[in-house]
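Remarks on the overall topology
Residue-level listing of the chains:
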Amino acid sequence: MNESLGACVRDRAVLLRSIRKLLDSRGFLEVTPPCLMSEAIIDVYIDPLGLQQERLGTRYLQTSPELAMKRLLCDGAPSIYAICPAFRANESGQHHNTEFTLLEWYELGGTSRSAIDLLQRLTVEMLQRAPCEVLTYQDAFADGLGVDPLACDITVLRDLVSQEQPSLSQGLITQRDDLLDVLLATRLQTEWSEKKRSVILTRYPISQAALAKPCADDPRCAERFEWFVDGIELANGYDELVDAERLRSRFQSNAERRTLEGRDDLPMPARFLAAIEKGLPPCSGVAVGVDRLLMVQRNQDRLSDVMPLTDDAV
């Protein structure tokens, strides 16, 4: 083992031990969810890898252990975490790899605030940094771009995108959330990278809620948050939505968007929804990209610097 590879392997092992120590001290129990399941999360832009089994039919390599872990919670599990492989088709590059390692936890009785507090602990203890700035999505866009992302006319967003990405100004991006995603990546994350800022972005638009609760004081927003360090997204989290019918509606909406985008159809996750109907306890959930966290911890620029066997090497 060469010196650089040896240091990388040792640093990963130390990071994983530190994560387990922190979560164990908080009363979480580690679980090992299955990677291969008959259902997958229906997300507009995230594609699972499907495998055909002669006896079992299509099985999906999971894009996140979320479905399995929430089913465990519905069956009575306490606060739990997993450190496991996850798989996403057509995601490969500087900060992406088809197979990667996710840390995911669910805290019974947890809220956005308790989850953010735990992310702050990761920032301080794993990255040796001061606690993150906590900004609302609305304030971040107002401060960085001078617009209200929840209320401004969509033509304003198109004009801003055309300034940042002229190649996208010919109607290639038409959805409001897609325009906001471009501006977040090209303007806000770039600025956070240049200024070495650590940011937890909260209260995303409800249209980007995924599986998060609506905010009680503003139905336009959701209890979703993301963790960025030097402009790199490290984690995504929610105060979890526990209403089965709302979840079904969101999955159906995502399925319709996937059809419009020309993406493969995915089955409605019936087993997951049946478990939620039995009752998902109030909880918060967070997913952290372990490989990206190690990359930032080691001051590296690419996943391949901390993952010796990336897509190009397997």
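Our subject is the structure listed above.
Below is a summary of the structure that appears in this document. Quick caveat, the model's predicted, so the values are computed rather than measured.

Calculation criteria
- Residues numbered from 1 in each chain as written.
- Predicted model: local features only at pLDDT ≥ 70, side-chain atom pairs only at ≥ 80, totals over all residues.
- Heavy atoms only, no water.
- Helix = DSSP H or I, 4+ residues; strand = E, 2+ residues; numbered from the N terminus.
- Rg over C-alpha atoms; globule rule 2.2 N^0.38 Å.
- Buried < 20%, exposed > 50% of the residue type's maximum accessible area, 1.4 Å probe, protein only.
- Contact = heavy atoms within 4.5 Å.
- Expected span 1.5 Å × (residues − 1).
- Bend = angle between axes of the 7 residues up to and from the residue.
- 1 Å grid on protein atoms, 1.4 Å probe; cavity = no way out; pocket = protein on both sides within 12 Å on 5 of 7 lines; lining within 4 Å.
- Points joined across faces, edges and corners; volume = space filled by probe spheres on them.
- Nonpolar A, V, L, I, M, F, W, Y, C, P; charged D, E, K, R; others polar.
- Disulfide = S-S within 2.5 Å.
- Pairing = 2+ DSSP bridges.

Moving on: the overall build of the protein chain. Scanning the protein chain from terminus to terminus reveals nine helices and 12 strands. Its C-alpha atoms give the protein chain a radius of gyration of 19 Å, within 12% of the compact-globule value 20 Å for 314 residues. With respect to the principal axes defined by its C-alpha atoms, the protein chain has extents near 50 × 45 × 40 Å. In the protein chain, which comprises 314 residues, the share counted as buried stands at 49%. Partitioning the contacts of the protein chain with sequence separation of at least 6, the portion at a separation of at least 24 is 68%.

Between its first and last C-alpha atoms helix α6 (residues 176–194) spans 26 Å; for 19 residues at 1.5 Å apiece the expected length is 27 Å, and the two agree. Bending of α6 peaks at approximately 35° at the position of Leu-184. Taken together, the buried positions of α6 are occupied by Asp-177, Asp-178, Leu-179, Leu-180, Val-182, Leu-183, Leu-184, Leu-188, Gln-189, Glu-191 and Trp-192. Positive phi appears at Lys-196, one or two residues downstream of α6, with a value of about 55°.

The next thing to look at is the layout of surface pockets. The volume enclosed by the second largest pocket comes to roughly 170 Å³. Going through the elements one at a time, β5 (80–87) and β6 (99–108) are the ones with two or more residues in the lining of the second largest pocket. Among the elements that make up the lining of the second largest pocket, the one with the highest residue count is β6 (three residues). Residues that form the lining of the second largest pocket fall into these classes: six nonpolar, three polar and four charged.

This brings us to the state of the cysteines. Tallied over the full model, the rule gives zero disulfides. Looking at Cys-152, it has no disulfide partner, and the nearest cysteine sulfur is the one in Cys-221, 13 Å off.

Time to look at the sheet that holds strand β2 (residues 36–37). One open sheet accounts for three strands, arranged β2-β4-β3; its pairing is antiparallel. Edge positions in the open sheet fall to β2 and β3 (49–53), since each of these has one partner strand only. Where β2 meets strand β4 (residues 57–61), two bridges bridge the pair, whose relative direction is antiparallel. Bridging from a neighbouring strand, Met-37 pairs with Tyr-60 of β4.

Turning our attention to helix α3 (residues 112–127). Across its 16 residues, α3 extends 21 Å between first and last C-alpha, which sits within 8% of the 22 Å expected from 1.5 Å per residue. Looking one or two residues past α3, Gln-128 carries a phi angle of roughly 55°, positive in sign.

By themselves, these figures tell us nothing about what the structure is for.
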